[in-house]
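Geometric and topological summary
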Amino acid sequence: MINKKDITLRDLLRPHYGRMAWLVLGIALCVTAALWVLSLRLVEDRTESRFNTQSLQLKTAIEERLLNYEQVLAGSAGLFSVAGEVSRDEWRTYIEKVNIDRYYPGIQGIGYTRRLMINELHGHLQELEAEGFEGYVVRPRGLRAEYHPIVYLEPATERNRRAFGYDAYQDSIHRQAIERARDTARPVVTGKVVLVQEEVAEDQAGFLMYYPVYHGGVVPQSLGERRMLLKGFVFSAFRTNNLLDGIVGLISPFLDVRIYDGSSLGRETLMYGSNLGSLDEEFSFEKTQQIEYGGRTWVIQTRSTPAFDFLASDPRPAIVLGSGILVSLLLFAFALALIRSRVLAQMSAGRYRAITEGACNITVVMNRHGRATYVSPSCNTILGYDPDDARDVPSETRVHSDDWPRLQDGFREALRKPGEQMPVMRARIRDASGEWREMEGSFTSMLDVPGVEGVVLSLRDLTQLRAAQSELHRLAFYDPLTGLANRQLFRDRLAHVVRRSRRSQEPAALMFLDLDGFKRINDTLGHDAGDQLLEHVARWLTGCVREEDSVARLGGDEFVVLLSRISGPEATAKVAETILRRLCQRVRLNEHEVGITVSIGVTMIPHDSEDPGVLMKYADLAMYRAKERGRNNYQFFTPAMNLQAARRLLQQEELANALDEDRFVLHYQPKVDLDARQVIGVEAFLRWQHPERGVISAHQFISLAEESGLIIRLGEMALRQACIQIQALERAGFERLRVAVNLSVRQATDPGFLDLFRRVITETGVMPDRLELELPAALLNEDPRTLRVLLNALRDTGARLILDDFGSGACSLAALQQLPLDAVKIDDRFIRDIPYNSNATDVASAVIALARKLRLTVVAEGVETPHQLQFLQQAGCAQCQGNLFSHPLDEDSLISYLVNQYERALIP
């Protein structure tokens, strides 16, 4: 019977079972999201429509208000047409009847400006004084062709009285509106102005509307007549805030409204601002409209405000979202319930099929009489039988005769103990190809279990297991590239040979092999070529030894050969010579032919040691001794090698401690220009200030630093200290002196050297052209493309590049032509025997001539005698350095030397 707890909620939520429920939930949530977005869009559209409606209504209301004001001015101008001349009392009475405070809010006042020619000004002033206006003047004062002073302005408030006598025609903004109204006989509105009635503190924007009045009361037809018959202007002055606050507050109280004079939107043209917007200039809607009136263009900009958005908010989208999520979850739960019911039904119908149809085991269900009623499909994969035709798999014809009785006993024992798994037994079963396959399995009686109702036999194929174990053994003890024994297996073999040799005192030998120049092949031709070479070496080594001997690869290009029985060192030496002859050859890799050699270290067992670890160490030391002796040779271990290795290890530790304790300094040897006869630079030499041995030259520890990798840190220290010395020379007044720094091959080829160089010159602030980098000639043996990229990058920084030890080793002329070098330095071995050795002088002359042909500056080092100097001058050498001029000096002595040498001639 199936337990309902077998299906948990976590199981139902997995895609294997709940795929349909998740699909229902996804569809329901997508529909909910779509309805929610639709409701948001509807609310947004309705809010935008309300915003647009209020914006349009606002524009219409402003246009209607301006039209009403125009009608008021037209009526005022009509008063002059009817009455001819209008007295001050008549004007006051008319304005009072208009009642502008009640019906026309925003109008500061309605007035009349009279046009006066210059010959009428005096009479006008006398007329106003006669009316009782003492001190009346036309402002601003001055002589001009015509005047337009304000003579009437009602209501006669204290604010309006300040404008009495003001001639607005003198202001350019007013003049443009006045002249346009005169010429068109239409009301014209001025641009943004500040009314003369305003207090200084109020200073709010305003505008005026001018309406022309002509003599005779009628509008002249021609432009010339209008200008000649102009009598004056009826005008109204408006305070923009008073005019628009009522309109905005009535129609769009929750919109941010801004009105600009003209098409330019800015602070200078702002006529009106309701100041209701967000301080962060955030808004949902914006609309820009134009009003064309009175010869002016006003831009009305309306924006929504947080208050407008709050009032327009609608809870229905949130209701739609919440309801949709709730309905989606209910549908999801309902789908899970249906799925659970279906899964329980499927499990009740055939759970044993899910158990027995594995690909690794064969499951057979037999009835009480031992006849198979079900065979799992894995039978086809493992034994090659079709499950429908394999009903007799556990029969006497398919089971080995020696194993058949054991299977029968297990079947009968299972019948006696229902539900209990029987002990595992092994049996050989014939597959479809006739081969015997070893298998193991056990019986379990499940006759009373619904859906099974039989005895279950579970068989596991041990063939695949043993193949997997064999593969694991191979991976654990053999090198996957060459197929040779790896380090772990070789240690076991070495330990076995050492134990046997200790008991029998029969000699054996251990050889440690390292390929010469393998790193260069790997870097230039690629790792595929390197792997191919290692496979060749593995085959060659295997062919050089006997079958009972062992060959292993420890890693990289390191191999070991264990001669399990050997007569003595002489026979071992013959094997080593055989290996050298076999491996010293040229081989083709990736369309390239390369030559290889090998260095071999040999140690004898048990003569040198009976400890496997010590033997490996001794063989390694002997191999390094072979490399020091020129490579492509073999060396037997001697106790002196162990002593030398211990000494080098102690020196390496001492070197590292000295670097940590900052015990390294730079000394500087001057470099002299032979034509100018003056010091043009110095070369920095590294010195170790040893607490017991004193100052140690770099020649005594630089090779150890390269082997240990400390050369990278030492090189950085030397470069940084040289940059600091350049700054010290500049402060002492020697701004043009260059400082040369020596680089090693390992330092220059380090991937991080270029970034280190740029960082040091950036941190110290030194100009790169004050630095000279001396490169060893051995650097030309590196990959030419990589070297060219490095030197071009260094040259781009501004530093000068000098090839050191020119003429020594294998120096390619093609490389000299292609590399961006500035100078070459002749190896001091060619200078040492000048002029007494004719070979030395010939070589030095040839080297100097060759360098000059390549347009490279020639520098000679190690100059110690005047004869050497004389020869170098005659041969065309440009620069020299050596003890003839000065020994390497510390920082303080260098400054003193430079001061003294610049006061007298340098070259003796």
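Scroll up to find the structure.
For every chain, the first residue of its written sequence is number 1, and the numbers climb from 1 along that sequence. Local features in this predicted model are restricted to residues of pLDDT 70 or higher, and side-chain atom pairs are both shown and tallied only at a pLDDT of 80 or more, whereas totals for entire chains, interfaces and linings draw on every residue. Side-chain calculation: all heavy atoms of the structure are included, whereas hydrogens and water are not.

Some thoughts on the overall build of the protein
A run of DSSP states H or I qualifies as a helix once it reaches four residues; a run of E qualifies as a strand once it reaches two. Both are numbered from the N-terminal end. From N to C terminus, the protein includes 30 helices and 31 strands. For this measure, only C-alpha atoms enter the radius of gyration; the expected value for a globule follows 2.2 Å times N^0.38, where N is the number of residues. Against the compact-globule benchmark of 29 Å for 908 residues, the protein has a radius of gyration of 54 Å, which places it well outside the compact range. Seen through its C-alpha atoms, the protein measures out along the principal axes to roughly 155 × 120 × 50 Å. Three labels apply to residues, based on accessible area from a 1.4 Å probe with only protein chains included: buried if under 20% of the type maximum, exposed if over 50%, partly exposed otherwise in between. Out of the 908 residues in the protein, the part that is buried amounts to 46%. In this analysis, two residues are considered to be in contact whenever any of their non-hydrogen atoms come within 4.5 Å of each other. The contacts in the protein between residues at least 6 apart in sequence include a share of 64% that link residues at least 24 apart. Accessible surface is estimated by sampling points in the Shrake-Rupley manner with a 1.4 Å probe; for residues, cover comes only from the protein chains shown. Accessible area for the protein stands at about 47100 Å²; split by element, carbon and sulfur atoms hold 51% of it. Across the protein, the 106 positively charged side chains and the 119 negatively charged ones have centroids separated by 4 Å. The charged-residue count follows a simple rule in which Lys and Arg add positive charge and Asp and Glu add negative charge, with His and chain termini not counted at all. In this description, the location of a charge corresponds to atom NZ of lysine, CZ of arginine, CG of aspartate or CD of glutamate.

Points about helix H16 (residues 518-525)
All of the buried residues along H16 are Phe518, Ile521 and Asn522. Along the axis of H16, the buried positions cluster into a sector of 100°, meaning they face one direction only. The secondary structure elements touched by the buried residues of H16 are strand S17 (508-516), helix H17 (527-544), strand S20 (585-589) and strand S21 (592-605). Note that the arc is defined by the directions from the helix axis to the C-beta atoms.

Points about the packing of aromatic side chains
Working definition: a ring pair exists when centres of Phe, Tyr or Trp rings (six-membered ring for Trp) sit within 6.5 Å. Plane angles under 30 degrees give stacked, over 60 give edge-to-face, the rest tilted. Evaluated as defined, the whole model comprises 20 aromatic pairs. A centroid spacing of 6.1 Å and a plane angle of 80° characterise the contact between Tyr634 and Phe636, whose relative ring orientation is edge-to-face. Taken together through their ring pairs, the aromatic side chains of Phe80, Trp91, Tyr94, Tyr112 and Tyr152 make up a single cluster. When the ring centre of Tyr169 is taken as reference, the NZ or CZ atom of Arg175 above it lies at 5.5 Å. Note on criteria: charge over ring means Lys NZ or Arg CZ within 6 Å of the ring centre, with the direction from the centre no more than 35 degrees off the ring normal.

Re the packing of H17 against helix H18 (residues 569-583)
It is at 10 Å that the axes of H17 and H18 come closest, and there the two elements cross at 145°. The element H17 and its partner H18 pack so that their crossing is right-handed. Contact with H17, carried on its side by Val537, Trp540, Leu541 and Cys544, involves Thr578, Ile579, Arg582 and Leu583 of H18 and no other residues of that element. Three residue categories are used. Nonpolar comprises Ala, Val, Leu, Ile, Met, Phe, Trp, Tyr, Cys and Pro, charged comprises Asp, Glu, Lys and Arg, and polar comprises the others, including Gly. The residue makeup of the contact of H17 with H18, split by class, is six nonpolar, one polar and one charged. Fitted lines through C-alpha atoms serve as axes, helices being fitted only where they are in contact, and the angles separating the N-to-C directions of these axes extend from 0 to 180 degrees. Here a crossing is taken to be left-handed if its near helix is turned anticlockwise relative to the far helix by less than a right angle, and right-handed if that turn runs clockwise.

Some remarks on the side chain of Asn633
If you trace the backbone, Asn633 turns up in the loop between helix H19 (612-628) and strand S22 (634-636). A relative accessible area of 14% means that Asn633 is categorised as buried. Of note is the side chain of Asn633, whose polar atom sits 3.0 Å from the backbone oxygen of Arg631. Nitrogen and oxygen atoms within 3.5 Å of one another constitute a polar contact, given that in protein one can donate a hydrogen and the other can accept it, and given that sequence-neighbouring residues count only through two side-chain atoms. Only 3.1 Å separates the side chain of Asn633 from the side chain of Gln635, close enough to count as a polar contact. Here Asn633 is in contact with Leu580, Val598, Ser599, Ile600 and Ala626, once residues within four sequence places are set aside.

A word on the sheet that holds strand S9 (residues 270-273)
Ordered in space as S9-S8-S11-S10, the four strands form an open sheet in which the pairing is antiparallel. Bordering the open sheet on either side are S9 and strand S10 (286-293), each of which pairs with just one other strand. Ignoring strand direction, the axes of neighbouring strands in this sheet form an average angle of 20°. Two strands qualify as a pair provided DSSP detects at least 2 bridges between them. With three bridges joining them, strand S8 (residues 255-261) and S9 adopt antiparallel strand pairing. Considered in S9, the bridge of Ile259 is made with Tyr272. The strands touched by helix H2 (residues 15-83) within the sheet are S8, S10 and strand S11 (296-304), with S10 carrying the most contacts at an inclination of about 15°.

Things to note about the pattern of salt bridges
A pairing counts as a salt bridge when a side-chain nitrogen of Lys or Arg comes within 4 Å of a carboxyl oxygen of Asp or Glu. Counted under the stated rule, the structure contains 39 salt bridges. The shortest N-O distance in the salt bridge between Arg46 and Asp314 comes to 3.1 Å. A residue pair is termed long-range when its members are at least 10 positions apart, and Arg46 in helix H2 and Asp314 in the loop between helix H10 (306-312) and helix H11 (316-356) qualify at 268 residues. With its nearest N and O atoms 2.6 Å apart, the salt bridge here joins Glu730 to Arg770. Within this pair, whereas Glu730 is found in helix H22 (residues 711-731), its partner Arg770 is found in the loop between helix H24 (753-764) and strand S27 (771-775), the two being separated by 40 residues in sequence. A relative accessible area of 33% places Glu730 in the partly exposed class. Residue Arg770 is classed as buried on the basis of its relative accessible area, which comes to 7%. What you see here is one network of salt bridges that share partners, running through Glu716, Arg720, Arg759 and Glu763.

As for the nonpolar core
Only buried residues count toward a nonpolar core. Its members are Ala, Val, Leu, Ile, Met, Phe, Trp, Tyr and Cys residues joined through side-chain atoms within 4.5 Å. Ranked by size, the top nonpolar core spans 81 residues in total, and within it Phe664, Leu686, Phe701, Leu794, Leu872 and Cys880 carry the most contacts. Sorting elements by how many residues they give to this core places H22 first, with nine residues. Excluding anything up to four places from it in sequence, Phe664 contacts Leu655, Ala658, Leu659, Leu686, Arg687, Trp688, Phe701, Leu714, Met717 and Gln721. With 50 residues, the next largest nonpolar core counts Leu66, Tyr69, Phe164 and Ile247 among its residues.

Section: the pairing of strand S24 (residues 678-690)
For S24, a buried count of ten out of 13 residues is recorded, marking the element as mostly surrounded by other parts of the structure. Here ten bridges tie strand S23 (residues 664-673) to S24, and the two strands are oriented antiparallel to one another. Paired with Lys671 across the bridge in S24 is Gly681. Between S23 and S24, which pair antiparallel in sequence order, lie four residues; one of them, Arg677, sits at a positive phi of approximately 55°. Note: S24 against strand S26 (residues 738-742), four bridges, orientation parallel. The residue bridging Glu683 from the neighbouring strand is Ala740, located in S26. In the sheet, S24 pairs with strand S25 (residues 694-697) via four bridges, with the strands oriented antiparallel. Bridging from a neighbouring strand, Trp688 pairs with Ile696 of S25. Hairpin connection between S24 and S25: a loop of three residues separates the two successive antiparallel strands.

Here we look at the environment of Ala145
Within the secondary structure, Ala145 sits in the loop between helix H5 (121-130) and strand S3 (146-147). The spatial distance from the C-alpha of Ala145 to the C-alpha of Met117 is 6.1 Å, given a sequence separation of 28 residues. Discounting chain neighbours no more than four positions away, the residues touching Ala145 are Leu116, Met117 and Ile118.

Remarks on the packing of H22 against helix H30 (residues 891-901)
Running from N to C, H22 and H30 cross one another at 40°; their axes reach a closest spacing of 12 Å. Along this stretch, H22 crosses H30, giving a crossing that reads as right-handed. Here H22 contributes Gln721, Gln725 and Leu729 to the contact with H30, which in turn contributes Glu891, Leu894, Ile895 and Leu898.

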